[in-house]
Amino acid sequence: MEYILVLLRNRKAMVGVVTILLFAIIAIFAPLIAPYPPTYMGFDQVLPPSAKHLFGTTATGQDVFSQIVWGTRLTLLVGLLSGLFVTVISTVIGVVAGYLGGIVDEILMILTNVFLIIPGLPLMIILSTYMPVKGMWTIILVITVTGWAWGARMIRPQVMSLKSRDFVKASVVIGESPFHIIAADILPNVVGLIVAQFFAAAVYGVLSEAGLEFLGLGNASAISWGTVLYWADNGQAILFGLWTWLLVPGLLIALFGGALAMMNFAVDEMVNPRLKKR
Amino acid sequence: MKYVFRKVLIFLLTAWITLTINFILPRLMPGNPALAMIAKFKGRLSVQALHSLQVAFGINPDQSALTQYFHYLGQVLTGNFGVSLAYYPNTVAQEVAIHMPWTIGLVGIITIFSFIGGTMLGISSGWKRNSLGSAINVPVSIFLNAVPYFWIALVLQYVFAFALGWFPLTGAFAVSGPTGLALVGSILYHAVLPALTIFITSLGGWVLTMRNNMLNVLGEDYVTFAFAKGLPDNVIKNNYVARNALLPNFTGFAIAIGLIVSGALLTEIVFSYPGVGYLIFQAVINLDYPLMQALFFFITMAILVANLLADLAYVFLDPRVRLGAE
Amino acid sequence: MSDRKLLEVRNLEAGYQMDSPVRAVRKVSFDLAHGEFLGIAGESGCGKSTLAFAITNMLADPGKVFSGEVLFQGKNLVTCEREELRQMRWKEFSIVFQASMNALNPVMKIKDQIYDAVKYHSSEYVSRFDQRVRELFDYVNISHAYLNAYPHQLSGGMKQRVVIAAALALDPKLVIMDEPTTALDVVVQRKILQKVAELREKMGFSVIFITHDLSLLVEISDYLAIMYAGRIVEKAPSKTLFSRPLHPYTEQLMASFPPLVGEKRRLMGIPGQPPDLSQEITGCAFFERCPKRISGLCDVIEPQLTLQKDDHIVACHLYDQNPGPGDAHAVPKTEHTN
């Protein structure tokens, strides 16, 4: 629990936490904050920002501000969930490869390297296009499949170096089962790294979701910041000069992504003594 | 040499896995899009187009799956990726050949600038870790790193092309078809915004990794020793710290370039810049599976080649790899 | 032999500025004459390395010198201006670290790493570097073939010798060696020590040799100082210290080494732990572990260094009654008698 206090003292972490909480609050209280239902198409089309429509309206007469507020839910959900799944998989693979070593390690490492080199977006595009159902879970799946390799590569060497430490060797000699050793000796010492990984994975998730939606590979009738951007681009927002429709969702993605990246950086600083501010 | 051998092995392995993914995916999906598509289009496509689909998917109902697989690999190795559906009657290979150079040019050149600039900023930021410059460029880099590529593209497009009209909105060169020097000028002029987008978004990543590497190296004994020897600060910074901090950048090059390429694809789409990003977008819209698969393969290959070059460069830079350990 | 001291350390206080300051070097004072070999011995964590870094003004954040002076030929290294200090480094004094395995830059040739030390100081050796570096390699018995090698191609012992050779490149007047042989096996240790002793005879430089292994130093050092909890608790000519240790800690240190000859006897460790240097210490730091402690005195009043006969100073209340001339001064007069 002391970690939480140390974290809060870190300026970057503070900024990150506050931003994320802010977005979380907006997501949770969306029905109360948004003035109109996001899908209601009754307004005049392509209106510029005004008191009635803070960010204007879309090409189909929807209120942009309400869309953005409601869109917070999906964006946050996909970002955090995909971050979570990626972290779980990369941790499992990193720990198994690092702890077991030998042929298992070799195979997993080759697999990891391959998935690291294969570029994320093109693979995501291929996977999404072939999926029969396009929606939130498809996107989460696709992000997870493409994003786990980096975390695994980071976690494995840590596990390997822990394995050679005396206290772990002691547990082995006593006869503890591998599960016990991993759970009690190894995992607590890589927690910091795993948490940092989570934030990095979440950034990847958020940006990927936005990218996929923007390309039209998500569920275009769902509401997230990414889909708003998709419709903005499709609806020629730029030619209409509707800069709020076009730029605000992207800015929010950048802010949320940036907050997650700050958290990643802050946790990294805490875990790696050489990066610590002095 | 064992190092190089290993890298070449991974190169070949990844290439093979990419092809295999291309082969297996359509068959894995429920409903088998390959067969479904062929069935759907059977009445309306020319024989060649149908054949192209079969080539792209490696489908031949008369053969077993394994035979189809090897046949497919064979086709690919002879450069036959089928005919494009969206750009019919051009073959996929032709389309890729037309559009690939634009992306390679754009990404290649900008990555060089971004790498050099980012590395230099990272070096000075890591060396003077608590200076004002450092306090500014670290959060800025973190932020820029998290910004979606296409958003920066949209912002630049809106501000500089639409609102201010300083640069063209889309395309790689003027529609009027200039030639000679004018063509070169036009190409450069049109490349400014896309290039700027990629530069801005990729810079942050290089700065942060270089800074982190510098900070890690600063804790090493040989840096303390260099200081004890009474060497001037500049010499220590460049020959002892930066020179060593640079190395991890090369080993991690593949991931970095993968992210940059992914971002570049989105940028091209925003600016309708005729590279492979734009092409893949067209393929998606038109459900041009042969083109899409081939693009996935070629983009991966391009990254693999870039990565292999980085690995080879690393051999030169790190004597431990070059000369083997004692 | 000039009467002027090479190094005068006065009331040096140094340590690490954490949330509460860790004082690893507490009011350390001693002199070093030209050509003198001073050994400093003590347990791990007693502040020896901090002392080495503090003397050469190399403590990096969060380390710092809190107060005191380090006069090198009259010039205070603590307050010296940065560029001037840089010029002095390596040329006037050099330092060989603990675990020099990683002291060499992995991407530079060995020759170049010695060359750059020479190049950036005004020295006669710049013009005849090739000859000089071959000379240095000969001193430490390394084949010239390794001049163009990279650090990873050398063994641990060789790297240590390279570092020692580099330390002598500019003919410094003082070489500080911080546990330079700890990571090596005993045979190599001995060889290197002999080499250092030889070179010192030949070239006449002073040495401050820091170690936790007393037995190494007894033969080759002129003076021995014992450090405990950041303070120097005893200092004497080595033969005197060895034959007649005064401080209870020194006695116990001696007793923990098995003698090569004589009857077998029980080895005694010293029970207990050295004190935490981030805390204030009242009285003598050795109180908890001292078999001769005097309750009510030793735990209340900190013993000062007093001069006993034969150039022997010790900080212990047991000897309070025999103050020699110049008693209760922290700075004894040490004469280099040779």
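Quick summary incoming for the structure in this document. Everything numeric here is computed off the predicted structure, so don't read it as measured data. (Residues numbered from 1 in each chain as written. Chains lettered and ligands numbered in written order. Predicted model: local features only at pLDDT ≥ 70, side-chain atom pairs only at ≥ 80, totals over all residues.)

**Looking at the overall build of chain C**
Turning to step 1, where the next piece is worked out: On a plain count of helices and strands, chain C comes out with nine helices and 12 strands.
Turning to step 2, where the next piece is worked out: Burial statistics for chain C: of 338 residues in total, 46% are counted as buried.
Turning to step 3, where the next piece is worked out: Residue pairs at least 24 apart in sequence account for 63% of intrachain contacts in chain C once pairs closer than 6 positions are excluded. (Helix = DSSP H or I, 4+ residues; strand = E, 2+ residues; numbered from the N terminus. Buried ≥ 20, exposed ≤ 12 C-beta atoms within 10 Å, placed from the backbone. Contact = placed C-beta atoms within 7 Å.)

**Observations regarding the overall build of chain B**
Turning to step 1, where the next piece is worked out: Helix and strand content of chain B: 15 helices and zero strands.
Turning to step 2, where the next piece is worked out: Going through the 326 residues of chain B one by one, you find that 48% of them count as buried.
Turning to step 3, where the next piece is worked out: When contacts within chain B are restricted to residue pairs at least 6 apart in sequence, long-range pairs at least 24 apart make up 71% of them.

**Looking at the interface of chain B and chain C**
Turning to step 1, where the next piece is worked out: Opposite the 21 residues of chain B that make contact, chain C presents 24 residues.
Turning to step 2, where the next piece is worked out: Looking at the side of chain B that touches chain C, the elements with two or more residues in it are helix 9 (221-228), helix 10 (233-245) and helix 15 (319-323) of chain B.
Turning to step 3, where the next piece is worked out: The residue makeup of the side of chain B that touches chain C, split by class, is 11 nonpolar, three polar and seven charged. (Nonpolar A, V, L, I, M, F, W, Y, C, P; charged D, E, K, R; others polar.)

**Looking at the environment of B:F199**
Turning to step 1, where the next piece is worked out: Looking at where B:F199 falls in the secondary structure, it is placed in helix 8 (residues 180-218).
Turning to step 2, where the next piece is worked out: Ignoring any residue separated from it by four or fewer positions in sequence, one finds B:F199 in contact with B:I110, B:F113 and B:S114.

**Some remarks on the nonpolar core**
Turning to step 1, where the next piece is worked out: The biggest cluster of nonpolar side chains holds 273 residues, and the ones touching the most others in it are A:V203, A:L260, B:A153, B:M214, B:V241 and B:L295.
Turning to step 2, where the next piece is worked out: Tallying contributions element by element places helix 9 (residues 178-214) of chain A first for this core, with 19 residues.
Turning to step 3, where the next piece is worked out: When near neighbours in sequence (up to four residues on either side) are disregarded, A:L260 contacts A:G16, A:F199, A:A202, A:V203, A:V206 and B:A146. (Core = buried A, V, L, I, M, F, W, Y, C linked by C-beta atoms within 7 Å.)

**Observations regarding the interface of chain B and chain A**
Turning to step 1, where the next piece is worked out: Contact with chain B, which involves 47 residues of that partner, is made by 40 residues of chain A.
Turning to step 2, where the next piece is worked out: Elements that contribute at least two residues to the side of chain B that touches chain A include exactly helix 1 (2-28), helix 6 (132-146), helix 7 (149-163), helix 8, helix 12 (253-271), helix 13 (276-285) and helix 14 (289-317) of chain B.
Turning to step 3, where the next piece is worked out: The element contributing the most residues to the side of chain B that touches chain A is helix 14 of chain B, with nine residues.

**Structural notes on the sheet that holds strand 7 (residues 174-178) of chain C**
Residue and element names in this part refer to chain C.
Turning to step 1, where the next piece is worked out: Read across the open sheet, the eight strands follow the order 6-7-8-3-9-10-12-11; overall the sheet is mixed. The sheet terminates laterally at strand 6 (93-96) and strand 11 (306-308), the two strands that pair on one side only. Sheet twist, expressed as the mean angle between neighbouring strand axes with direction ignored, is 20°.
Turning to step 2, where the next piece is worked out: In the sheet, strand 6 pairs with strand 7 via four bridges, with the strands oriented parallel. Bridge pairing in strand 7 places F93 opposite L174. (Pairing = 2+ DSSP bridges. Axes fitted to C-alpha atoms, helices over the stretch in contact; angles between N-to-C directions.)

**Observations regarding the pairing of strand 4 (residues 63-72) of chain C**
Residue and element names in this part refer to chain C.
Turning to step 1, where the next piece is worked out: Two elements, strand 1 (residues 7-17) and strand 4, share eight bridges in a ladder whose sense is antiparallel. Looking at strand 4, one finds that L7 is bridged to F72.
Turning to step 2, where the next piece is worked out: Summarising the sheet, strand 4 and strand 5 (residues 75-76) pair through two bridges and their orientation is antiparallel. Following the sheet pairing, L71 is matched in strand 5 by N76.

**Considerations on the environment of B:A283**
All names here are of chain B.
Turning to step 1, where the next piece is worked out: As for its placement among the helices and strands, A283 is situated in helix 13.
Turning to step 2, where the next piece is worked out: Assessed through the 28 C-beta atoms surrounding it within 10 Å, A283 is described here as buried.
Turning to step 3, where the next piece is worked out: In this view, A283 contacts A86, D288, L291, M292 and L295; residues no more than four positions away in its chain are not counted.

**Points about helix 7 of chain B**
Turning to step 1, where the next piece is worked out: With 15 residues, helix 7 of chain B extends 20 Å from end C-alpha to end C-alpha; this agrees with the ideal 21 Å at 1.5 Å per step.
Turning to step 2, where the next piece is worked out: The largest bend in helix 7 of chain B is about 30°, located at B:Q157.
Turning to step 3, where the next piece is worked out: All of the buried residues in helix 7 of chain B are B:Y149, B:F150, B:W151, B:I152, B:A153, B:L154, B:V155, B:L156 and B:Q157.
Turning to step 4, where the next piece is worked out: Contacts made by the buried residues of helix 7 of chain B are with helix 9, helix 11 (237-240) and helix 12 (243-271) of chain A together with helix 8 and helix 12 of chain B.
Turning to step 5, where the next piece is worked out: In the stretch just after helix 7 of chain B, B:G165 is the one whose phi turns positive, near 65°. (Expected span 1.5 Å × (residues − 1). Bend = angle between axes of the 7 residues up to and from the residue.)

**Some remarks on unusual backbone geometry**
Residue and element names in this part refer to chain C.
Turning to step 1, where the next piece is worked out: A positive phi angle, near 45°, is found at K27, a position not held by glycine.
Turning to step 2, where the next piece is worked out: Structurally, K27 can be placed in strand 2 (residues 21-32).
Turning to step 3, where the next piece is worked out: Residue K27 is classed as partly exposed on the basis of its C-beta count, with 19 C-beta atoms lying within 10 Å.
Turning to step 4, where the next piece is worked out: You will see that N57, though not glycine, has its phi angle at about 50°, which is positive.
Turning to step 5, where the next piece is worked out: Looking at where N57 falls in the secondary structure, it is placed in the loop between helix 1 (48-55) and strand 4.
Turning to step 6, where the next piece is worked out: Judged by the 20 C-beta atoms lying within 10 Å of it, N57 falls in the buried class.

**Examining the sheet that holds strand 4 of chain C**
Residues and elements named next belong to chain C.
Turning to step 1, where the next piece is worked out: Spatially, four strands are ordered 2-1-4-5 in an open sheet, and the strand pairing comes out antiparallel. Of all strands in the sheet, those bounded by a partner on one side alone are strand 2 and strand 5.
Turning to step 2, where the next piece is worked out: Both strand 1 and strand 2 contribute to a ladder of eight bridges, which runs antiparallel. Pairing of L7 across the sheet is with L32, part of strand 2.

**Quick word on the environment of C:Y150**
Turning to step 1, where the next piece is worked out: Assignment of secondary structure puts C:Y150 in the loop between helix 4 (129-139) and helix 5 (156-167).
Turning to step 2, where the next piece is worked out: Expressed as a C-alpha distance, the spacing of C:Y150 and C:Q113, which sit 37 residues apart in the sequence, is 10.0 Å.
Turning to step 3, where the next piece is worked out: With residues near it in sequence (within four places) discarded, C:Y150 still touches B:P319, B:L323, C:P106 and C:K109.

**Here's the deal with the packing of helix 9 of chain B against helix 10 of chain B**
Residues and elements named next belong to chain B.
Turning to step 1, where the next piece is worked out: Relative orientation of the contacting elements helix 9 and helix 10 amounts to 155°, with a least axis distance of 10 Å. Put simply, helix 9 runs roughly antiparallel to helix 10. Pair helix 9 / helix 10 crosses with right-handed handedness. Where helix 9 approaches helix 10, its residues Y222, V223, A226 and F227 are matched on the opposing element by I236, Y240 and V241.
Turning to step 2, where the next piece is worked out: Grouping the constituent residues of the contact of helix 9 with helix 10 by class yields seven nonpolar, no polar and no charged. (Parallel < 35°, antiparallel > 145°, perpendicular 65-115°, else oblique. Left-handed = near helix turned anticlockwise from the far one by under 90°.)

In short, shape yes, function no, at least from these values alone.
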